[in-house]
Amino acid sequence: MSVSTAAIDPSVCAPLPVLGQDVTVPLVTGGEVTYAALDYAASAPALQRVWDDVAAYAPYYGSVHRGAGYLSQLSTDLFENSRRTVAEFLGCRAEDQVVFTRSTTDSLNLLAAAIPADCQVFVYETEHHASLLPWRDAQVTYLNAPRTPGQAVETLERALADRDPYGPALVCVTGASNVTGELWPVRELAAAAHAHGARIVLDAAQLAPHHPVDIAELDVDWVAFSGHKLYAPFGSGVLAGRADWLQAAEPYLAGGGASRKVARRADGGVDVDWHTTAARHEAGSPNVIGVYSIASACKALTEAGFDSLVAREQELVGRVREGLAEVPEVQVLSLFGDDAPRVGVISFVVRGWNSSHFAAALSAEYGIGVRDGLFCAHPLVRTLLGSDPQDPGECGAPEAEPGERSLNAIRVSFGAGTPDEHIDRFLRAVTELVREGAQWKYRTEDGRCVPDRGEAAQV
């Protein structure tokens, strides 16, 4: 997979309107500033277009599939049309199913519950916990972090060659790292998996908001992603791909909607005829608004033109990397090297700074929201920081005082709604904090670094 910006002028693509772009926040040094949301990798702000679409539909809200009333029928059409929109957005094959879930984590846990009992699973230690941890009932092989895309393919090929060639196997891989932003060689990994009789699921949580994802072109078996990273509100996700394992598995949740027919037996038990469509794994009243918001986001990104969106984001990536390179104390984390293509996700550490302290100062003194910690990818961050990848660590900031070294990192992430000013302010803030230090005193409270609100706080 490659990212090309040739023949595209980034200036023709303005940032897409998002919620919260005019929100102001107080600074500990006095006054207020427009909030710079640079934590897209955790949750991207909802597109204004998505919010407007949801607001227009809200008065017509109704339960789907089983209601005879007009609003129920309208909502059912909207729900199923949203399924078709997502399938088109992902380039699904005719036989693929689109199952709506709560998140990427939920999608991958659903697939984990649907794999055959004797399935072998292969997953890199570099994965987000959403794709690293769901395979608890399977025989799992954890692959070491590769240092080049080619090494990633070679590592997988060796592991697959050593497996039992007659049993089912599944490879799970990210499309873009939630720590480094680097693009993984998905098409090549899919070819390696299929050559050895294995299937592959793509965690596209960080890829889909930044880059086109085409199931047929990438030749992957499943794709999982979350709405809240795709400029839609929280609480909705997608698992799309091959239907056979999903149809053969017990429903992810047992209940109404997943069943076609339920009848009492003469012995007093119950016989259930389950759906074989996506409804098999969508028991209960679905999140219609969440599903519609995903479809709206898919349409908005498609209509805006992914080529232009990618080109502008790559220009921002270049500016951030060049700006950070001018600060010798900053070390950008990378698996594949400086030349590796990446999306708008960059993690780094600052020599002489506790990462939680640095992130707190960016927020309190500049109104910039970034993320610090291990980013729910503990083994990967430990490997990148040169510490023991088996160290369990913890999510969020460690118990370290400002100024003490911390075994975590800082992540800045951005996307289609990021204004140039937010990038400029971030780079200026990094430079000033490193050269001049923080203007405020900070302390650790409940494991996080926070501004000291005492009378003698200012220095």
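A quick note: this is a predicted structure, and the numbers were derived from the prediction, not measured.

Peer 1: Residues and numbers for the sheet that holds strand β6 (residues 139–143), please.
Peer 2: Taken together, seven strands build an open sheet; the order of strands is β4-β10-β9-β8-β7-β5-β6 and the sheet is mixed. What marks the edges here is a single partner per strand, and that holds for β4 (97–101) and β6. The sheet shows a mean angle of 20° between the axes of neighbouring strands, taken without regard to direction. Sheet topology note: the strand β5 (residues 120–124)/strand β7 (residues 169–174) ladder contains four bridges and is parallel.

Peer 1: Now, about the packing of aromatic side chains: what can you tell me, with residues and values included?
Peer 2: Applying the stated criterion across every chain, the model contains 11 aromatic pairs. Ring pairs connect the aromatic residues Phe348, Trp353, Phe358 and Phe426, which therefore count as one cluster.

Peer 1: Mind laying out the sheet that holds strand β14 (residues 345–350), listing which residues take part and the relevant values?
Peer 2: Spatial strand order, β13-β14-β17-β16: four strands in an open sheet with antiparallel pairing. Each edge of the sheet is formed by a strand with only one pairing partner; in this case those strands are β13 (330–332) and β16 (371–373). Adjacent strand axes in the sheet meet at a mean angle of 30°, parallel and antiparallel pairs treated alike. In this structure, β14 lies alongside strand β17 (residues 409–413), joined through four bridges in antiparallel fashion. The residue bridging valine 345 from the neighbouring strand is serine 413, located in β17.

Peer 1: So what's going on with the side chain of glutamine 206? Residues and values would help.
Peer 2: Tracing the backbone through its elements, the reader meets glutamine 206 in the loop between β8 (199–203) and α7 (215–218). With relative accessibility at 6%, the residue glutamine 206 sits in the buried group. Apart from residues no more than four positions distant in its own chain, glutamine 206 is found in contact with Ala41, Ala176, Ser177, Asn178, Lys229, Val343 and Val345.

Peer 1: Run through the nonpolar core, naming residues and quoting values.
Peer 2: Nonpolar side chains in soluble globular proteins generally cluster together in the buried interior. The biggest cluster of nonpolar side chains holds 83 residues, and the ones touching the most others in it are Leu90 and Phe225. No other element matches helix α9 (residues 288–304), which puts eight residues into this core. Sequence-distant contacts of leucine 90, defined by excluding residues within four places in its chain, comprise Val213, Asp214, Ile215, Val223, Phe225, Val238 and Ala240. Counting residues in hydrophobic clusters, the runner-up holds 35 residues, among them Ile346, Trp353, Ala360 and Phe426.

Peer 1: Can you break down the packing of helix α1 (residues 48–57) against α9 residue by residue, with the values?
Peer 2: Orientation of α1 relative to α9, taken along the N-to-C sense of each, is 140°, at an axis distance of 9 Å. Overall, the two elements α1 and α9 adopt an arrangement that is oblique. Pair α1 / α9 crosses with right-handed handedness. Judged by residue contacts, Arg49, Val50, Asp53, Val54 and Tyr57 of α1 engage Val288, Ile289, Tyr292, Ser293, Ser296, Ala297, Lys299, Ala300 and Glu303 from α9. Residue composition of the contact of α1 with α9, grouped by class: eight nonpolar, two polar and four charged.

Peer 1: Would you mind going over helix α3 (residues 104–114) in detail, with residue names and values included?
Peer 2: Across the 11 residues that make up α3, a large majority, eight, are buried. Listed as buried for α3 are Thr104, Asp106, Ser107, Leu108, Leu110, Leu111, Ala112 and Ala114. Two or three places before threonine 105, at the opening of α3, serine 103 has a side-chain oxygen 3.5 Å from that residue's backbone nitrogen.

Peer 1: Let's hear about the pattern of salt bridges: which residues, and what values?
Peer 2: If charged atoms from side chains of opposite charge come close, those side chains can pair. By the definition in use, this model includes 25 salt bridges. Arginine 242 serves as the salt-bridge partner of aspartate 221, at 3.2 Å between the closest nitrogen and oxygen. With aspartate 221 in the loop between α7 and β9 (222–226) and arginine 242 in the loop between β10 (237–241) and α8 (244–248), this residue pair connects regions lying 21 residues apart in the sequence. Exposure remark for aspartate 221: the relative accessible area of 3% places this residue in the buried category. Judged by its relative accessible area of 30%, arginine 242 falls in the partly exposed class. Arginine 265 is the partner of aspartate 271 in a salt bridge, and the nearest nitrogen-oxygen pair spans 3.1 Å. A residue is classified by how much of its surface remains accessible, and arginine 265, at 35% relative accessible area, is partly exposed. Salt bridges here are not isolated pairs; linked through shared partners, they connect Arg312, Glu315, Arg319, Asp420 and Asp424.

Peer 1: So, the confidence of the model for the chain: which residues are in play, and what are the values?
Peer 2: Per-chain confidence: the chain averages 91 in pLDDT, with 92% of residues scoring 70 or above. Contacts for the low-pLDDT stretch residues 2–8, under 50 throughout, to residues beyond four places or in other chains number 10 contacts. Between residues 455–459, whose pLDDT stays under 50, and residues either more than four places distant or in other chains, the model counts 10 contacts.

Rules of the game
Residues numbered from 1 in each chain as written. Predicted model: local features only at pLDDT ≥ 70, side-chain atom pairs only at ≥ 80, totals over all residues. Heavy atoms only, no water. Pairing = 2+ DSSP bridges. Helix = DSSP H or I, 4+ residues; strand = E, 2+ residues; numbered from the N terminus. Axes fitted to C-alpha atoms, helices over the stretch in contact; angles between N-to-C directions. Phe/Tyr/Trp six-rings, centres within 6.5 Å; stacked < 30°, edge-to-face > 60°. Buried < 20%, exposed > 50% of the residue type's maximum accessible area, 1.4 Å probe, protein only. Contact = heavy atoms within 4.5 Å. Core = buried A, V, L, I, M, F, W, Y, C linked by side-chain atoms within 4.5 Å. Parallel < 35°, antiparallel > 145°, perpendicular 65-115°, else oblique. Left-handed = near helix turned anticlockwise from the far one by under 90°. Nonpolar A, V, L, I, M, F, W, Y, C, P; charged D, E, K, R; others polar. Polar contact = N/O pair within 3.5 Å; in protein donor to acceptor, adjacent residues only side chain to side chain. Salt bridge = Lys/Arg side-chain N within 4 Å of Asp/Glu carboxyl O. pLDDT = per-residue confidence, 0-100.

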